[in-house]
Amino acid sequence: MSKQVRIVEVTTKKMLKRFICFPHELYRDDQHYVPLPNFLIKDMLNPLKNPFFDNGEVGCFLAIDDHKIVGRIAAIYNKVHLQVYNDNTGFFGFFDCVDDRYVAASLFSKSVEWLKIKGITRIFGPENLTTNDPTGILTKGFDDDPVFLMPYNFPYYENLLLINGFSEIMTLASYKTSLETLPAELYTKAEILEQRLRQGNITIRCLDQKKFNEEIKNLHEVYNEANEHNWGFMPLDGRSFFHMAKDLKQVVDEESVLLAECKGQLIGFAVSVRDYNQVFKRISNGKLFPSGWWTLLNGRKHITRIRIMIIGVLPQWRRLGIDWCFYSKIAQYGKHKQIDNGEACYVMQSNFQMNRMMKALNAPIVKEYKLYSKNI
């Protein structure tokens, strides 16, 4: 690799397109790479469409060697994070790079330079754009396709981070759940627990799509409160949460969003989604035109895996078995949709209750993701 690599900032629509499409070229021969539809990334990086930009800034950069793109990165300045944590931390994301230490160093150096101008003294990542978005690099489980909205990268990424001075800060796990290996007592135990919950005026139901706005308003408050003390959690304001929910509305079923209530008050939730990566993988280079739309619309019925995205219960209502009932209903949903397996992700290594639950469900760790940081 030439030492004449140039790092250029993305300032035009043409450059943004190259930034978005670079991974398609980098992973062209990788059998497990799944190209996200280009419009999803374009919308995520659009200040007019993504509420992140109400309180955040992003600098996107390309590494170019002899007119060929060899890497990309985004430097991320998040005012909400700084207000919540007061830790002078900035972020990097959308990191993709050839296996070259010099190219990676040049990309990181440019990100550091961009963040230092804003007074940042620590860089953390990768995350695209916050911890509510795809986060971390894959460090275990390269022999399987990623599930919907989960990262995928070459094994050498970890080394590129380490040799450039980054230190591991957190490990996240992905657990594989299977209808065949679920414990025999899952459903009977859930029935007993749900009967006991009903005696305490606690019920579990599915999302009502007809009352979507009202449901999301209630879910927003519980989402922030249930996750408030989780490591690295970024609370979402109403506009940001509704934006995220509106996107998910396009891919969830009513049965895949479960709500726990006590006397009509929301106290917990569980969100699962079909693994649309099984469809996206058949859409060449993330392009929906001319035939990608047809593939997307007709591929849904062939999905055989789900992603269990998030489960949250308000602190005062935990340890009552609500989470066990959630998993029982998710398994029943899978049976109904002829989906035989799934992945629960992310699960933080520090989330002891969730890790215990996964073991109780006979779910092994199949993938691991790591986050890194360094002082600058």
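Structure: above.
The model shown is predicted, which means the values in this text are computed figures rather than measured ones.

Draft legend 1. Quick look at the side chain of Asn78. Mapped onto the elements of the fold, Asn78 is located in strand S3 (residues 68–78). The buried category is assigned to Asn78, whose relative accessible area is 3%. Within the structure, Asn78 has its side chain in polar contact with the backbone nitrogen of Val80 (distance 3.0 Å). Of the polar contacts made by the side chain of Asn78, one reaches the backbone nitrogen of His81; its length is 3.2 Å. Apart from residues lying up to four places away in sequence, Asn78 is in contact with Phe52, Asn55, Phe91, Thr130 and Met234.

Draft legend 2. Layout of the pattern of salt bridges. Applying the stated criterion to the full structure yields 20 salt bridges. In this structure, Glu57 engages Lys118 in a salt bridge whose closest nitrogen and oxygen atoms are separated by 2.8 Å. Pair noted here: Glu57 is in strand S2 (residues 56–65) and Lys118 is in the loop between helix H4 (101–116) and strand S5 (122–125), with a separation of 61 residues, a long-range link. Measuring nitrogen to oxygen at the nearest pair gives 3.3 Å for the salt bridge that ties Glu194 to Lys329. Of this pair, Glu194 sits in helix H6 (residues 186–199) while Lys329 sits in helix H11 (residues 322–336), and the two are 135 residues apart along the sequence. Salt bridges linked by common partners bring Asp144, Asp275, Arg305, Glu343 and Lys367 together as one network.

Draft legend 3. Inspection of a positive patch on the surface at higher detail. A cluster of basic side chains, namely Lys13, Lys17, Lys42 and Lys287, defines a positive patch on the protein surface. Mapped onto the elements, Lys17 comes out in helix H1 (residues 13–26).

Draft legend 4. Just the pairing of S2, in detail. Counting buried residues along S2, 9 of its 10 residues qualify, which places the element largely inside the surrounding structure. Across 10 bridges, S2 lies against S3 in antiparallel orientation. Pairing of Cys60 across the sheet is with Ala74, part of S3. Linkage of S2 to S3, two consecutive antiparallel strands, is achieved through a turn of 2 residues, within which Asp66 is found at a positive phi near 55°.

Rules and cut-offs
- Residues numbered from 1 in each chain as written.
- Predicted model: local features only at pLDDT ≥ 70, side-chain atom pairs only at ≥ 80, totals over all residues.
- Heavy atoms only, no water.
- Helix = DSSP H or I, 4+ residues; strand = E, 2+ residues; numbered from the N terminus.
- Buried < 20%, exposed > 50% of the residue type's maximum accessible area, 1.4 Å probe, protein only.
- Polar contact = N/O pair within 3.5 Å; in protein donor to acceptor, adjacent residues only side chain to side chain.
- Contact = heavy atoms within 4.5 Å.
- Salt bridge = Lys/Arg side-chain N within 4 Å of Asp/Glu carboxyl O.
- Patch = residues over 30% accessible without salt bridge, like charges linked within 9 Å, V, L, I, M, F, W, Y side chains within 5 Å.
- Areas by Shrake-Rupley, 256 points an atom, 1.4 Å probe, with all protein chains shown as cover.
- Lys, Arg positive; Asp, Glu negative; His and termini not counted.
- Charge placed at Lys NZ, Arg CZ, Asp CG, Glu CD.
- Pairing = 2+ DSSP bridges.

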